[in-house]
Structures are given as structure tokens and as C-alpha cells.
2 protein chains.
Amino acid sequence: MSFFQEQAVTSSDKTFFRLREEIVEGEIPAGVKLSEVELSTKYEVSRAVVREAINRLEACNIVERKANVGARVVTLTAEGLLELYQIREALEGMAARLAAQNMPETEIEKLSNLLDDQFELVKQGQSYYQEAGDLDFHYRIIVGSQNQQLITMLSNGIYHLARMYRVQLGMTGPRVTTAYDEHKHIVKAIANRDGELAEILMRRHIQYSKNNIAVKLSKM
Amino acid sequence: MSFFQEQAVTSSDKTFFRLREEIVEGEIPAGVKLSEVELSTKYEVSRAVVREAINRLEACNIVERKANVGARVVTLTAEGLLELYQIREALEGMAARLAAQNMPETEIEKLSNLLDDQFELVKQGQSYYQEAGDLDFHYRIIVGSQNQQLITMLSNGIYHLARMYRVQLGMTGPRVTTAYDEHKHIVKAIANRDGELAEILMRRHIQYSKNNIAVKLSKM
DNA sequence: GATTGGCAAATTGTCGACAATTTCATTATA
DNA sequence: TATAATGAAATTGTCGACAATTTGCCAATC
């Protein structure tokens with residue numbers, strides 16, 4: 001996630017970011033119990049800051065907590081993945097619709113150029129997509145919606161969870177083929193200020209990528 | 001909110017619920033600074049539990065926090081309301097679609113009966129809607145989606161914020177007229193297992209109620 | 001041998017104190 | 001007078017210790 005920089009100011013921030021990274025990237029596997037004392041010695045901070053970090057992770061749905069028992073890293077299930085993509089479909093569909101209304105011309109231009117650059121790589125036979133490129137595309141549209149609450153929701157919550165799934169299912173660097181064209185069409189709808197179409201295309205795009213993951217998941 | 005009972009087990013839970021109530025119901029007005037020491041003496045708990053409660057409120061978007069400065073109750077704006085209803089439209093639209101797929105017949109029956117009961121009140125000239133009835137309707141459909149993450153998102157986050165707006169704008173007990181018919185049609189679509197239509201109707205229903213609020217808001 | 005009861009160890013929840021940072025009034029300077 | 005520097009007061013951030021609860025083990029009982 002190199003686009004939207006969150007800057008850590010307090011010790012809790014750092015601990016939260018670090019813990020989230022380790023969990024999302026799979027260094028701390030699913031289902032593991034997060035012991036407050038253990039983590040506080042590991043990170044060399046007090047239990048209070050670890051506690052605060054864990055609370056924040058709970059709010060992001062990255063860990064589950066039971067009172068007086070403790071927190072565990074969520075175990076990802078096929079149903080959970082389905083649920084997550086249903087939410088993404090709704091929210092990112094709306095984001096695309098709003099982006100068609102609100103995204104400044106200059107930003108649409110930039111987004112279009114980004115895709116063109118990526119198309120060069122496709123022509124050269126390099127595989128489209130790098131995950132980073134895909135994330136960048138989605139993120140720009142979310143920001144283009146200019147709905148601050150939506151932006152926060154998606155970039156704080158949903159995206160880390162989605163990546164967690166991809167990492168744990170071993171599918172970093174997803175489907176290579178059709179995504180590029182889908183992105184192109186979405187941008188065109190946004191450029192035409194056709195919110196209705198932009199939403200439909202984005203929803204379909206997310207459905208496809210959900211199916212793509214679900215197929216791989218069923219082979220395991 | 002009498003439907004979905006959250007039960008407080010720890011002292012932090014109680015403080016969180018109490019604080020949220022006081023803020024949402026307007027006893028602690030918008031923009032007010034939440035002093036940790038002040039609240040800890042008021043509620044007779046330690047600063048740590050107040051801190052934890054405030055952190056949770058921040059995760060719900062009920063307060064805003066700046067590091068080393070403190071937390072303030074969010075000030076609701078017309079733009080914020082618009083943003084919130086855009087999100088509700090997306091998420092509850094999806095919930096209605098999923099409810100059409102997943103809601104058990106018995107639950108649909110109950111929901112339908114609920115509306116019939118409320119219709120009796122309408123016939124007797126009593127104003128439809130009590131806010132509670134409206135909330136109950138929406139909540140049942142959300143639960144009917146059987147998407148756990150969606151349920152959590154909407155009932156923890158969005159709904160309290162939405163109520164906060166209504167209270168602060170002095171519109172408890174909203175539009176009386178058309179909402180009943182809209183609810184009827186949505187339930188019918190769900191009963192017919194027509195997710196496509198259920199989503200469209202729910203989205204329109206939320207758009208109407210947004211407009212209804214926006215009008216009142218513009219008169220202030 | 002299986003089940004229940006209770007004790008000890010470990011873990012989370014809560015607390016008060018200290019450290020770091022911000023805020024605000026006061027003073028000094030241009 | 002306006003602006004900047006200074007320092008004290010207040011507030012948040014962090015810490016270690018104690019209290020409350022859960023967990024796991026061991027013995028007692030059937």
C-alpha cells in the first residue's frame with residue numbers, strides 16, 4: 001500500500017501498523033492468539049499500547065476478541081470471503097457512481113494515462129496485473145468519489161482484509177487476462193460522467209474477481 | 001434500539017454504551033471536547049476505561065480524535081449526512097438483495113405481519129411511522145441478508161450515526177406518508193425472491209428519506 | 001475410568017502515577 | 001500595537017502494579 005500514507009505519531013500507532021502488517025502479510029497466521037504480555041515484550045512497549053493496538057485491529061475486523069479471554073487473528077473462511085466481496089461490490093459500485101459525478105477531469109486524465117502506461121506492459125507481454133496496479137486503480141476511484149466516509153471505510157477496513165485473504169490463499173498477483181479491459185471501460189464511463197454505467201461495470205468487475213478467487217479457493 | 005441487544009460485560013463496555021447514548025441522544029452536544037479526566041470522575045472509572053471507550057467511539061465515527069490533543073464529538077454537516085446516506089443506500093440496497101436470496105420464509109412472514117400490524121395503526125389515523133417501527137423494519141432486512149459483516153457494519157456503525165443526525169436535526173418521528181407503501185413493496189419483492197427489484201426499491205426508499213431530511217435541513 | 005470440584009497459574013481488566021506534548025497566558029522585543 | 005519567545009498549567013500518552021476472571025491441572029468421588 002504505497003499510495004495513501006498513514007503516519008504514525010504515537011507509539012500505539014506504530015504498534016498498530018506493525019501488528020496489522022504482520023497479520024495481513026501472514027507472518028502471524030490466522031487463528032493465533034494475541035497475548036498482550038508476549039507482544040509487549042516483543043515490541044518493547046507497555047501492555048497498554050498493545051491493548052490499544054489490538055482494540056483497533058478488532059475495529060478493522062482483523063482480530064476477534066472475547067472479554068476476559070483475549071484476541072485471536074480471524075480465520076478466513078469461504079463464507080467470509082463471499083461476504084466481504086458483497087460489501088465491496090456495494091461500496092465500490094457506489095464509489096464508481098460518485099466518481100463519475102465528482103472526480104475532477106484532471107484526475108480522470110491521470111487515471112486514464114495510468115492505464116495506458118500499464119497497457120504498454122501488457123503489449124510487451126508482461127503480465128497485467130501487478131497487484132499494486134490494481135489496488136492503485138481502485139483506490140483512485142474511491143478517492144474520486146469524494147465521499148470521505150466511504151474513503152475511510154474502504155481504505156481502513158475492507159482493503160486490508162481483502163489483501164489478507166489474497167495472501168493467505170496464495171494468490172498475490174491475481175488474474176492477468178480480462179481485468180485490463182474492465183478497468184478501461186470503467187474509466188470510460190466515468191469520463192463520460194455516466195454514473196449509472198460506472199456502477200454497473202464496477203460491480204461486475206468485482207463479481208468477476210470474486211469468482212476468480214472462489215474458483216481457486218475451491219481447489220484447495 | 002431495543003432489537004439487537006449488546007450486553008456489556010466489562011466496565012469499558014458500560015462506559016462505551018453510556019457515552020454513545022449520551023452523544024447520540026444529544027445530551028453531550030456536537031463539537032464538545034471529551035476530556036478523559038472529566039469523564040473518568042463523572043462516571044467514576046479510571047482514565048484507562050474512558051480512553052478505551054473513546055477509542056471505540058472513534059472507530060464508530062462518533063468522535064474525532066487528534067493525537068496529543070484529544071477527542072471531540074463530531075459536528076454533523078449537510079455533506080456528512082449526504083455521504084452517510086450514500087453509504088446506506090449502497091449497503092442496505094445490497095442487504096435487501098441478499099435478503100431476497102437468504103431470508104427464511106418464516107422471517108419474511110413475520111416481517112409482513114409486522115407491517116400489517118402497523119397498517120392497522122395507519123387506518124386508525126395514527127401516524128406512521130414511529131421511528132422504532134422504521135428501524136425495526138430496516139434491521140430485520142439487514143439481518144435477513146445473513147451477511148455477518150454487513151450486519152455488524154450497519155448496526156454498530158451506520159445506524160447510530162444516522163440517529164444522531166435525526167436527533168440533532170430535531171426530526172425524531174420522520175415522514176409519515178409514503179414510507180408505509182415503500183416498505184410494503186420491498187417486502188413483496190423479497191417474498192418473490194426478486195433480489196434485483198428489492199435492491200432497487202430499497203435504494204429508492206433511502207433516497208426518498210434522505211431527500212426528506214435534506215429538505216428540513218435546508219430550512220434551518 | 002469418567003466426571004466433578006477446587007486450587008494454582010496465567011491472562012485480561014482496571015487503576016493511579018509519571019512522562020511527553022499541547023495550550024494559554026505573560027512577557028519581551030521590534 | 002503586533003508579534004514572537006517563554007514558561008507554567010493542563011491534557012494526553014505510556015508505564016508498572018494490583019484486581020478480577022479464565023484456564024488447566026490434580027485430586028476426590030461416583
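Residues numbered from 1 in each chain as written. Chains lettered and ligands numbered in written order. Predicted model: local features only at pLDDT ≥ 70, side-chain atom pairs only at ≥ 80, totals over all residues. Heavy atoms only, no water.

1. So, the sheet that holds strand 1 (residues 33-34) of chain B
Residue and element names in this part refer to chain B. How we decide: Strands qualify as paired when DSSP identifies two bridges or more between them. Only runs of H or I of at least four residues qualify as helices and only runs of E of at least two qualify as strands under DSSP, and these elements are numbered from the N terminus.
Spatially, the 3 strands line up as an open sheet ordered 1-3-2, and their pairing is antiparallel. Strand pairing shows two members of the sheet lacking a second neighbour, strand 1 and strand 2 (63-66), which therefore form its edges. For strand 1 and strand 3 (residues 70-73), the ladder comprises 2 bridges, and the chain directions are antiparallel. Looking across to strand 3, one finds that K33 is bridged to R72.

2. Side note on the protein's contact with DNA strand D
This is how it is decided: Put simply, a residue is near a molecule or strand once any heavy atom of it comes within 4 Å of that molecule or strand. Definition of a polar contact: a pair of N or O atoms within 3.5 Å, with one able to donate and the other able to accept a hydrogen when the atoms are protein atoms, and with sequence-neighbouring residues admitted only if both atoms are side-chain atoms. Polar here means any residue outside two lists: the nonpolar Ala, Val, Leu, Ile, Met, Phe, Trp, Tyr, Cys and Pro, and the charged Asp, Glu, Lys and Arg; Gly therefore counts as polar.
Around DNA strand D, 21 residues are found, and the nearest of them are S11 and S46 of chain A together with R47, R51 and N68 of chain B. Sugar plus phosphate: this is where 70% of the atoms of DNA strand D within 4 Å of the protein reside. Within the backbone of S11 of chain A, an N or O atom sits 2.5 Å from a phosphate oxygen of DNA strand D. A distance of 2.3 Å is found between a phosphate oxygen of DNA strand D and a side-chain nitrogen or oxygen belonging to R51 of chain B. If you list the elements that add at least two residues to the surface near DNA strand D, you get helix 1 (11-24) and helix 3 (47-59) of chain A together with strand 1 and helix 3 (47-59) of chain B. Ranked by residue count, the leading element in the surface near DNA strand D is helix 3 of chain A, at 3 residues. Considering only residue class, the surface near DNA strand D consists of 7 nonpolar, 8 polar and 6 charged.

3. A look at the protein's contact with DNA strand C
Inspection of the region around DNA strand C gives 21 residues, with R47, R51 and N68 of chain A together with S11 and S46 of chain B positioned closest. S12 of chain B has a polar side-chain atom sitting 3.3 Å from a phosphate oxygen of DNA strand C. For the surface near DNA strand C, the secondary structure elements donating two or more residues are strand 1 (33-34) and helix 3 of chain A together with helix 1 (11-24) and helix 3 of chain B. Ranked by residue count, the leading element in the surface near DNA strand C is helix 3 of chain B, at 3 residues. Its residues placed into classes, the surface near DNA strand C shows 7 nonpolar, 8 polar and 6 charged.

4. Thoughts on the domain arrangement of chain A
Residues and elements named next belong to chain A. This is how the line gets drawn: Residue ranges labeled as domains rest on an automatic or database domain assignment. Whether two residues touch is decided by their heavy atoms; if any such pair falls within 4.5 Å, the residues are in contact. In short, buried area is how much 1.4 Å probe accessible area vanishes from two parts on joining, totalled over both. What makes a salt bridge here is a side-chain nitrogen of Lys or Arg within 4 Å of a carboxyl oxygen of Asp or Glu, nothing more.
Looking at chain A, the domain boundaries give domain 1 (11-73) and domain 2 (78-218). Distance between the C-alpha centres of domain 1 and domain 2: 29 Å. Between domain 1 and domain 2, the contact holds 10 residues from the first and 7 residues from the second. Contact between domain 1 and domain 2 buries roughly 760 Å² in total, counting both sides, with carbon and sulfur atoms accounting for 60%. Its largest share of buried area at the contact with domain 2, domain 1 owes to R20, V24 and E25, together 52% of the area lost on that side. One can count 1 salt bridge joining domain 1 with domain 2. A salt bridge links R163 to E25; its shortest N-O distance comes to 2.8 Å.

5. Remarks on the pairing of strand 2 of chain B
Strand residues, when the strand is regular, have side chains that alternate between the two faces of the sheet. Across 4 bridges, strand 2 of chain B lies against strand 3 of chain B in antiparallel orientation. Note that in strand 3 of chain B the partner of V63 of chain B across the bridge is V73 of chain B.

6. Things to note about the UniProt feature "domain: HTH gntR-type" (unreviewed entry) in chain A
Selection criterion: UniProt positions are given in the numbering used here, feature names are shortened, and annotations may be inferred rather than shown by experiment.
In the numbering adopted here, UniProt assigns the feature "domain: HTH gntR-type" (unreviewed entry) to residues 9-76 of chain A. Helix and strand shares over residues 9-76 of chain A are 51% and 15% respectively, and the end C-alpha atoms of the span are 31 Å apart.

7. Remarks on the environment of I23 of chain B
All names here are of chain B. The topology assignment puts I23 in helix 1. Residues I23 and A8, 15 residues apart in the sequence, show an inter-C-alpha distance of 18 Å. Discounting residues that sit within four places of it in the chain, I23 has contacts with I28, L34, L57, I62, V63, V73 and M164.

8. Re the relation of the copies chain B and chain A
Operational definition: Here the copies are superposed with least squares, the fitted atoms being C-alpha atoms of residues at a pLDDT of at least 70 in both.
Here chain B sits on chain A after a turn of 180° about the axis and a move of 0.0 Å along it, with an RMSD of 0.0 Å. Here the copies are linked by what is in effect a two-fold axis. Within chain B, A90 of chain B has its C-alpha nearest the rotation axis, a separation of 2.6 Å. Comparing interface residues between copies, 100% of those in chain B also sit at the interface in chain A, which points to an isologous, same-surface contact.

9. So, the packing of aromatic side chains
Note the cut-off: Working definition: rings of Phe, Tyr and Trp (its six-membered ring) pair if their centres are within 6.5 Å, and the pair is stacked with planes under 30 degrees apart, edge-to-face with planes over 60 apart, and tilted otherwise.
By the definition in use, this model includes 2 aromatic pairs over all chains. Between F16 of chain A and F17 of chain A, the aromatic rings sit 5.6 Å apart at their centres with planes inclined by 45°, giving tilted as the arrangement.

10. Observations regarding the side chain of R203 of chain A
The line we're drawing: Three labels apply to residues, based on accessible area from a 1.4 Å probe with only protein chains included: buried if under 20% of the type maximum, exposed if over 50%, partly exposed otherwise in between.
By the secondary structure assignment, R203 of chain A is in helix 9 (residues 195-218). Take R203 of chain A: its relative accessible area is 10%, and that puts it in the buried class. Those residues in contact with R203 of chain A, other than ones at most four positions away along the chain, are E89 and G93 of chain A together with M94, R97, E199 and R203 of chain B.

11. Topic: the pattern of salt bridges
The full count for this structure, using the stated rule, is 38 salt bridges over all chains. The residue E199 of chain A makes a salt bridge to R203 of chain A at a minimum N-O spacing of 4.0 Å. Remark: R203 of chain A and E199 of chain A occur in helix 9; sequence separation between them is 4 residues, near one turn of the helix. Residue R203 of chain B is joined to E89 of chain B by a salt bridge in which the shortest nitrogen-to-oxygen separation is 3.0 Å.

12. A closer look at helix 8 (residues 179-191) of chain B
Residues lying three or four places apart along an α-helix face the same way, a consequence of the helix completing one turn every 3.6 residues. All names here are of chain B. The following threshold applies: Expected span of a helix: the number of residues minus one, times 1.5 Å.
For helix 8, built from 13 residues, the straight-helix expectation of 18 Å at 1.5 Å per residue is met to within 8% by its first-to-last C-alpha distance of 18 Å. By the burial criterion, the buried members of helix 8 are A179, Y180, E182, H183, I186, V187, A189 and I190. Looking one or two residues beyond helix 8, the residue adopting positive phi is R193, at roughly 60°.

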